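Each chain, letter by letter, is given below.
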2 protein chains.
Amino acid sequence: MQQLLKLSYGAAFNEDSDARGLTWSDLEGAEGALRDADRWLRSPDNRGTEGFGWLDLPEADLSSVIEAGQWLASHDALIQVGIGGSALGNLMVTQALLHPAHNELTRGERGSPRFYVVDNADPQGAKSVWSLVDPARTALIVVSKSGSTAETMANFLWLWEGMKKELGESEALKRLLVITDPEKGLLRAFVRAKACRSLPLPSSVGGRYSVLSPVGLAASSALGIDVMALQEGAREMDRHLASSSSLEENPAWIMAGLHWLHFTKGRNMAVLMPYADGLASFTEWFAQLWGESLGKKGKGSTPVRALGAIDQHSQVQLYTGGPDDKLFTIMRVTELTETLVIPAVSDPELESLAYLGGHEMGAMLHAEARATAATLASLGRPVLWLEIPRLDARRLGGLIHFYQVVTALTGRLFAINPFDQPGVEQGKRFTYGLMGRQGFEEDGKQSLEAFARIEARRVSC
Amino acid sequence: MQQLLKLSYGAAFNEDSDARGLTWSDLEGAEGALRDADRWLRSPDNRGTEGFGWLDLPEADLSSVIEAGQWLASHDALIQVGIGGSALGNLMVTQALLHPAHNELTRGERGSPRFYVVDNADPQGAKSVWSLVDPARTALIVVSKSGSTAETMANFLWLWEGMKKELGESEALKRLLVITDPEKGLLRAFVRAKACRSLPLPSSVGGRYSVLSPVGLAASSALGIDVMALQEGAREMDRHLASSSSLEENPAWIMAGLHWLHFTKGRNMAVLMPYADGLASFTEWFAQLWGESLGKKGKGSTPVRALGAIDQHSQVQLYTGGPDDKLFTIMRVTELTETLVIPAVSDPELESLAYLGGHEMGAMLHAEARATAATLASLGRPVLWLEIPRLDARRLGGLIHFYQVVTALTGRLFAINPFDQPGVEQGKRFTYGLMGRQGFEEDGKQSLEAFARIEARRVSC
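All values reported here derive from a predicted model rather than from experimental measurement.

Reading the values: the criteria
- Each chain carries its own residue numbering, running from 1 in the direction its sequence is written.
- Chain labels run from A onward and ligand labels from 1 onward, assigned in the order the entries are written.
- Totals for whole chains, interfaces and linings use every residue, but because this is a predicted model, local features are given only for residues with pLDDT of at least 70 and side-chain atom pairs only at 80 or more, for both listing and counting.
- The split into domains, and so the bounds of each, comes from an automatic or database assignment of domains.
- For every residue pair, C-beta atoms are placed from the backbone, and the pair is scored as a contact if these atoms sit within 7 Å.
- Segments assigned H or I by DSSP are reported as helices when at least four residues long, segments assigned E as strands when at least two residues long, and all are numbered from the N terminus.
- When residues are sorted by character, Ala, Val, Leu, Ile, Met, Phe, Trp, Tyr, Cys and Pro go into the nonpolar class, Asp, Glu, Lys and Arg into the charged class, and all the rest, Gly among them, into the polar class.
- Alignment of the copies relies on least squares applied to C-alpha atoms, considering only residues that score at least 70 for pLDDT in both.
- Two strands pair if DSSP finds at least two bridges between them.
- Between N-to-C directions, angles cover 0 to 180 degrees, with each direction set by a line fitted to C-alpha atoms, over the stretch in contact for helices.
- By the definition adopted for this analysis, an angle is roughly parallel if under 35 degrees, roughly antiparallel if over 145, roughly perpendicular if from 65 to 115, and oblique otherwise.
- We call a crossing left-handed when the near helix sits turned anticlockwise from the far one by less than a right angle, and right-handed when that turn is clockwise.
- Here a residue counts as buried when 20 or more other C-beta atoms fall within 10 Å of its C-beta, as exposed when 12 or fewer do, and as partly exposed in between; the C-beta atoms come from the backbone.

**Student:** Would you mind going over the domain arrangement of chain A in detail, with residue names and values included?
**Tutor:** Residues and elements named next belong to chain A. Domain assignment breaks chain A into domain 1 (6–43 + 230–413) and domain 2 (54–225). Placing the centre of domain 1 and that of domain 2 at their C-alpha centroids yields a distance of 31 Å. If you look at the interface, domain 1 gives 24 residues, while domain 2 gives 21 residues. Elements supplying a minimum of two residues to the side of domain 1 that touches domain 2: helix 11 (227–242), helix 13 (280–294) and helix 16 (393–413). Per element, the largest residue contribution to the side of domain 1 that touches domain 2 is nine residues, and it comes from helix 13. Residue composition of the side of domain 1 that touches domain 2, grouped by class: 11 nonpolar, eight polar and five charged.

**Student:** Tell me about the relation of the copies chain A and chain B, residues and numbers included.
**Tutor:** With an RMSD of 0.0 Å, the fit of chain A onto chain B corresponds to turning through 180° and sliding 0.0 Å along the axis. As the rotation angle and translation indicate, the two copies are arranged about a two-fold axis. For chain A, the smallest separation between a C-alpha atom and the rotation axis is recorded for A:Glu104, amounting to 3.0 Å. A symmetric contact is evident, with 100% of the interface residues of chain A recurring at the interface of chain B.

**Student:** Explain the sheet that holds strand 7 (residues 269–275) of chain A residue by residue, including any values.
**Tutor:** Spatially, 8(A)-7(A)-9(A)-10(A)-1(A)-11(B) is the arrangement adopted by the six strands of the open sheet, whose pairing is mixed. Looking at the sheet topology across the chains shown, the edges are occupied by strand 8 (302–305) of chain A together with strand 11 (458–460) of chain B. Recorded for the sheet is a direction-independent mean angle of 20° between the axes of neighbouring strands. Where strand 1 (residues 6–8) of chain A lies against strand 11 of chain B, three bridges are found, and the strand directions are antiparallel. Considered in strand 11 of chain B, the bridge of A:Leu7 is made with B:Val459. This element, helix 13 of chain A, spans strand 7 and strand 8 of chain A of the sheet and lies at about 175° to strand 8 of chain A. Relative to strand 9 (residues 326–335) of chain A, helix 15 (residues 361–378) of chain A is tilted by about 155°, and along the sheet it contacts strand 7, strand 9 and strand 10 (383–390) of chain A.

**Student:** If you had to explain the packing of helix 11 of chain A against helix 16 of chain A to someone new, which residues and values would you point to?
**Tutor:** All names here are of chain A. It is at 6 Å that the axes of helix 11 and helix 16 come closest, and there the two elements cross at 45°. Judged by the angle between their axes, helix 11 and helix 16 are oblique. Along this stretch, helix 11 crosses helix 16, giving a crossing that reads as right-handed. In this structure, helix 11 contributes Ala-229, Leu-230, Gln-231, Glu-232, Gly-233, Ala-234, Glu-236, Met-237, Asp-238 and Leu-241 to the contact, and helix 16 contributes Ala-393, Arg-394, Arg-395, Leu-396, Gly-397, Gly-398, Ile-400, His-401, Phe-402 and Val-405. In terms of residue class, the contact of helix 11 with helix 16 is made up of 10 nonpolar, five polar and five charged.

**Student:** So what's going on with the interface of chain A and chain B? Residues and values would help.
**Tutor:** Counting residues at the interface gives 132 residues for chain A and 134 residues for chain B. Sort the elements by how many residues they give to the side of chain A that touches chain B and helix 15 of chain A lands first, with 14 residues. Within the side of chain A that touches chain B, the residues separate by chemical class into 63 nonpolar, 44 polar and 25 charged.

**Student:** Hey, could you go over unusual backbone geometry for me, with residue numbers and the actual values?
**Tutor:** All names here are of chain A. Cis rather than trans, the peptide bond between Gly-308 and Ala-309 has omega equal to -5°. Locating Ala-309 in the fold gives a position in the loop between strand 8 and helix 14 (316–321). Located in the positive-phi region is Ala-195, a residue other than glycine, with phi close to 50°. By the element assignment, Ala-195 lies in the loop between helix 9 (186–194) and strand 6 (197–200). C-beta crowding within 10 Å serves as the criterion here: with 8 such atoms nearby, Ala-195 is assigned to the exposed category. Located in the positive-phi region is Ala-415, a residue other than glycine, with phi close to 60°. Inspection of the secondary structure assignment puts Ala-415 in the loop between helix 16 and helix 17 (425–434). The exposed category is assigned to Ala-415, around which 11 C-beta atoms lie within 10 Å.

Pasting the structure below:
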């Protein structure tokens, strides 16, 4: 079995530090809490219950997903309508494993459909995507567990209307795939009424933990991504973590424990900074997983998305010169997807760049990653180094599962429920109220009052 | 003169709060410091000196930029090589003002060249862009003030070698535009030796304040963006701010004062959350401007990039349920670029979505923005509401200049220099050392020692 990941954490501690420092024995002191959290996570009583369903995804049968993928692959373009967990996972997987300008390639170069995600309620999204596709050769994928997500359903209603107008309802239905709860909700009722294609998003799987369910895998499969390998990586990771019963052999315990302890020491941000373009969207996916799972009861560290080496020219000044309020994870892909040798410098005016000539550009990126980690460590800032051998489907699957386990364990240490999101309800009710939805009149009134307070002081130019 | 922006800040205060609350009189107490900061910023002694040059950009002569733009526009594709301030401003302006899938449109639909930015040292970037262009019909723009930025020069050397191989040096030179210091540095020497096209980046203008210089404007002009209007918006904004000598009429003073005061109250993050797809990259540009300008001497609030409504499904749980450690700015575009009416619901299964039918989707987005701001305000979290009438070149120019002034003033309140970036030097030296560059042997040794400490504890799976 080839390696999935390596975590180096010697500089997560600062033995000589003041009250804000952390020692190995502090982490050892958390081992009991970590063991308890792990036991809770893997308890047979919780298995398959609300929120815990993602733990079973590595063992799920993928035949219906792969079948749907084969059908989807026969189209010229796929439009996936979904938001949050119904979009970020797909953006993450496709950015990691497809050509960076997939949609600009020819069909022959791509070997699979173009892929568009319509997530936001800015009309620009749906409109621009619609202008780029031929409805007759397009499949529409709509993803919402409840079927009532406002942005998703608004975009779906508009795109669906367009499909029906162009093709007639019965032809349009042949190009539709609905991914929703297997039993409940509007979209499931719609599937039953229309007898159209659908895949289940198990009700026990929360949106932000759903990338290895049909939500993330159906389109990925159509795009030529090896979804079996994604799942296999997650399965290997799960088996490894489940069988690692001591702190020193369990990278998820170490990661969760350190994030918890540093938060209690006043480091209220978790910076994730991969050095690989293909992992840029991974940090967006991580930000939802981390922020929405942990931000409860006044607790929760804020996920900060970064990308090396770009953010050396944007955020590293703050990381080194600013307050000691962050725990850093620098991520590296040992063998990058592409290689490129920097040519030797021949022009005398550029002679001082001679040190670059003949180097692999990836070696420079690696030197930069190490230099950033070393700089942070030498300043006494806590830093973790996370390395994966390659950015392939198997390692990505492992990494996804790893971060899901780390997040759930950290939530348990925070004594919050990492699988709910009660804090988004108020905003939804205010929105309904402002849009005049029946039954939300009181919310509308309250939101107007709160907004009036915002506008009580104004200046313009 | 039409409005540039409106700032509502009544909920930036919490009069009933504990020691972490803030009152209007706290802000009034900062008026003197703000007036001093403004005087420093606009002092004739500082005008045109190191770091202050961006204040003169709104009055600069654009004829050479527009001329370069006309020449660039005759190509099929533009590749801009630059990183940080030599890339983020271009990504911001083009995302705000061009079609979201500009490069996927036909030449007729676009009416201008395709546009690619190669910034990172991940070989995937340069390689994938190179595979998409025809060198004979491509212009290469290289941007580096010093000419020694490692990532930029490595990408340039590789792409330049490719151009020369394909076309021969003299034809390749006809397709090259260098944007660099008017006097100093490697690239200026290269321009002199090769007698190729160039535009100046004044040495007094820092990278992160350079979007309204040729760095941001040359390619923008070629892409059909009204660079005169961008500049005009900045000029109008500057005149307004320069002539607003009291707290209540100066939105930049209010913004800077509030960010400073909330930082002193323990809110170490500044969240910028626009509700418009076209402003997603604006938050990336802001993050560099804010983070790199303010993160010094142990001070500096961390910029947190968000996008409404997407991050309601990712970050709002944390914003509402997590710690009170953020100052929020919710941004809205009154009149969105596109409009779209959500169709009435006809299927009985979807009846509970009837409240959406017939609404402008933009009105829903607006309701969501107000609901998020109202929710934060009703929880006592400090929130600012920033509104621009439209996302056009003039308003964008005004917004850019506004944020530059706010950042500089905030830096002065923090008693740091908002125009330098001393903290990135160590990482550069470590990188040079790790790459074996002559003269950096000691740095190489130190970085290896620091890295050894990181790797002193490891776990893998």
